[in-house]
Amino acid sequence: MRRALFLGMAAALAAAAAAQPPSPERKAATEADYRATLARLGIVSVRPGADGYNRNAPNAVNYDEAKAGMASPLPELLRSAGGRPVTSAAAWRRVRRPELVALFDHEVYGRVPATAPKIHWVLAATDRRAKAGIPVVTDHYRGRAGGGRVAIELDVTLPAAARGPVPVVMELGFPEGFHSPGFNPPPKAGPDWMEQVVARGWGYAILVPSTIQPDDGAGLNEGVIGLASAGRPRAADAWGALRAWAWGASRALDRLTADRRVDGSRVAIEGLSRYGKAALVTMAYDRRFSIGFIGSSGAGGAKLLRRDFGERVENLAASGEYHWFAPNFIRYAGPRRTADLPVDAHDLIALAAPRPLFIGAGNVREDGWVDPRGSFEAARAASPAWHLLGALGLVGESFPAIGETRDAGRLAFREHEGGHTNGPNWPAFLAFAARMWGLLPGH
Ligand code: GCU
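Read on for a plain summary of the structure.

## Here we look at the sheet that holds strand β1 (residues 120-131)
- What the nine strands build is an open sheet, ordered β1-β2-β3-β5-β4-β6-β7-β8-β9; its pairing is mixed. With one partner strand each, in any of the chains shown, β1 and β9 (411-415) form the two edges of the open sheet. For this sheet, the mean angle separating the axes of adjacent strands, direction not counted, is 15°.
- Bridge count for strand β2 (residues 134-145) against strand β3 (residues 150-159) is 10 bridges, and the pairing is antiparallel. Pairing of D139 across the sheet is with V156, part of β3.
- The sheet strands contacting helix α7 (residues 274-285) are β4 (166-172), β6 (262-272), β7 (291-295) and β8 (357-361), and the helix crosses β6 at an angle near 145°.

## As for unusual backbone geometry
- A cis amide bond, omega 5°, links G334 with the succeeding residue P335.
- With respect to the secondary-structure elements, P335 resides in the loop between α8 (313-316) and α9 (345-350).
- Each neighbour pair has its own omega, and for A353 with P354 the value is 0°, a cis peptide bond.
- Within the element layout of this structure, P354 appears in the loop between α9 and β8.
- A positive phi angle is found at S296, which is not glycine, with a value near 45°.
- Within the fold, S296 resides in the loop between β7 and α8.
- Its relative accessible area of 2% is what places S296 among the buried residues.

## Overview of the layout of surface pockets
- Empty space within the second largest pocket amounts to approximately 230 Å³.
- Lining the second largest pocket we find 16 residues, and of these R47, D308, R312, E314 and T338 sit closest to its centre.
- In terms of residue class, the lining of the second largest pocket is built from five nonpolar, two polar and nine charged.

## Focus: empty space enclosed by the protein
- Scanning all chains against the criterion turns up two cavities of 30 Å³ or more.
- Within this model, the largest cavity holds a volume of roughly 70 Å³.
- Lining the largest cavity we find 13 residues, and of these F104, Y109, L305, D344 and A345 sit closest to its centre.
- Mapped by element, the contributors of at least two residues to the lining of the largest cavity are α3 (89-108) and α9.

## A closer look at the pairing of β9
- Burial analysis of β9 places five of its five residues in the buried class, which makes it a mostly covered element.
- Residues L411, F413 and E415 point to one face of β9 and A412 and R414 to the other, with burial holding for every one of them.
- Where β8 lies against β9, five bridges are found, and the strand directions are parallel. Bridge assignment links I359 to a residue of β9, and that residue is F413.

Criteria and thresholds
Residues numbered from 1 in each chain as written. Predicted model: local features only at pLDDT ≥ 70, side-chain atom pairs only at ≥ 80, totals over all residues. Heavy atoms only, no water. Pairing = 2+ DSSP bridges. Helix = DSSP H or I, 4+ residues; strand = E, 2+ residues; numbered from the N terminus. Axes fitted to C-alpha atoms, helices over the stretch in contact; angles between N-to-C directions. Contact = heavy atoms within 4.5 Å. Buried < 20%, exposed > 50% of the residue type's maximum accessible area, 1.4 Å probe, protein only. 1 Å grid on protein atoms, 1.4 Å probe; cavity = no way out; pocket = protein on both sides within 12 Å on 5 of 7 lines; lining within 4 Å. Points joined across faces, edges and corners; volume = space filled by probe spheres on them. Nonpolar A, V, L, I, M, F, W, Y, C, P; charged D, E, K, R; others polar.

What follows is the structure, given as structure tokens:
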């Protein structure tokens with residue numbers, strides 16, 4: 001287990017390390033902002049997160065299913081704040097959904113301020129090449145704001161010879177071909193996700209989240225959050241990086257839907273790890289995205305926070321990750337408890353209903369940190385929202401075997417045989433998307 005534990009952490013950290021390691025000055029600026037944020041909230045101390053490195057620590061991470069207790073029962077999905085049962089699609093849309101959005105805004109991801117900048121998309125370059133043997137055109141956009149203080153990177157690759165508008169899979173991730181210095185990508189085994197997408201006759205887009213909002217506390221004075229707050233400290237319910245990244249995905253969708261070559265009713269959003277969290281937040285907030293692929297998103301994403309397995313609220317609320325959330329969220333790591341959260345991951349997933357959503361993770365032995373089962377349980381608990389809206393949610397009660405695709409409903413789950421990657425789940429997701437979009441082979 002020790003090795004598995006180490007491997008899981010290493011894989012998780014590898015994705016994070018793809019960004020440049022922060023300089024000592026930047027680290028110090030993050031710590032200073034964190035302390036100032038705690039002071040503004042009146043928080044004197046926060047509890048430590050799960051320790052993934054030292055199994056003898058009092059706060060050692062739990063990877064034992066038998067000890068994976070729930071901090072408290074889940075908040076009821078279909079009961080409004082006033083205590084009334086939510087029994088119709090109309091009540092979901094008019095009462096419960098807005099209520100949940102308000103709770104996530106205020107307590108978890110933060111609110112987009114009225115001062116959020118307008119993004120001007122500029123076409124910087126276009127190139128033509130072949131991908132998977134198919135001629136494609138790539139448009140390189142920059143989404144500018146604040147006189148160039150923000151320049152969002154978006155690359156859109158479409159088949160050159162399409163006969164009509166094509167579906168597009170948008171990834172929150174790193175630019176095509178990017179890998180961090182010194183990292184040698186493993187030899188290629190089969191077509192990558194972009195080749196798989198193009199082979200179906202679809203297009204893909206890559207949006208680079210760190211160009212929307214930098215990924216650390218020091219960066220809260222920069223990016224769209226910094227631009228919108230104009231030097232003022234973040235309000236307790238102001239947006240964090242996850243909400244900003246999701247907002248950026250919406251701005252990228254504005255660009256895509258203005259492109260006649262794109263089928264705006266068939267745009268997917270996908271991401272891994274922290275970008276998997278952001279992809280889920282995107283699906284929750286922007287109903288124009290027609291389907292989501294949420295990969296290894298873990299705590300703060302599709303995993304139930306109340307379930308003690310892998311990463312905990314206290315890790316998310318520490319100085320390395322608090323910037324993903326509204327300042328208010330830190331309060332659940334002290335003085336409040338996880339059990340006090342008015343929402344959990346099932347509520348976030350339910351905000352995607354009745355649209356199709358595919359939730360994936362690597363196998364628990366290699367990537368227990370993200371708690372694959374915690375995502376499955378969250379999806380199960382979110383299913384009644386699909387039913388209420390007249391669709392099938394997650395079908396099947398039992399936890400699926402590794403490699404089994406549970407996709408009979410519109411909420412799908414798959415734990416793949418690999419680690420902290422979306423790689424092995426791509427074929428299953430794309431088959432699911434094709435079916436959900438009514439684009440079966442031969443049609
Ligand atoms: C860390 C973090 C996770 C996050 C991951 C990543 O492991 O604890 O919450 O998802 O980094 O994005 O790589």
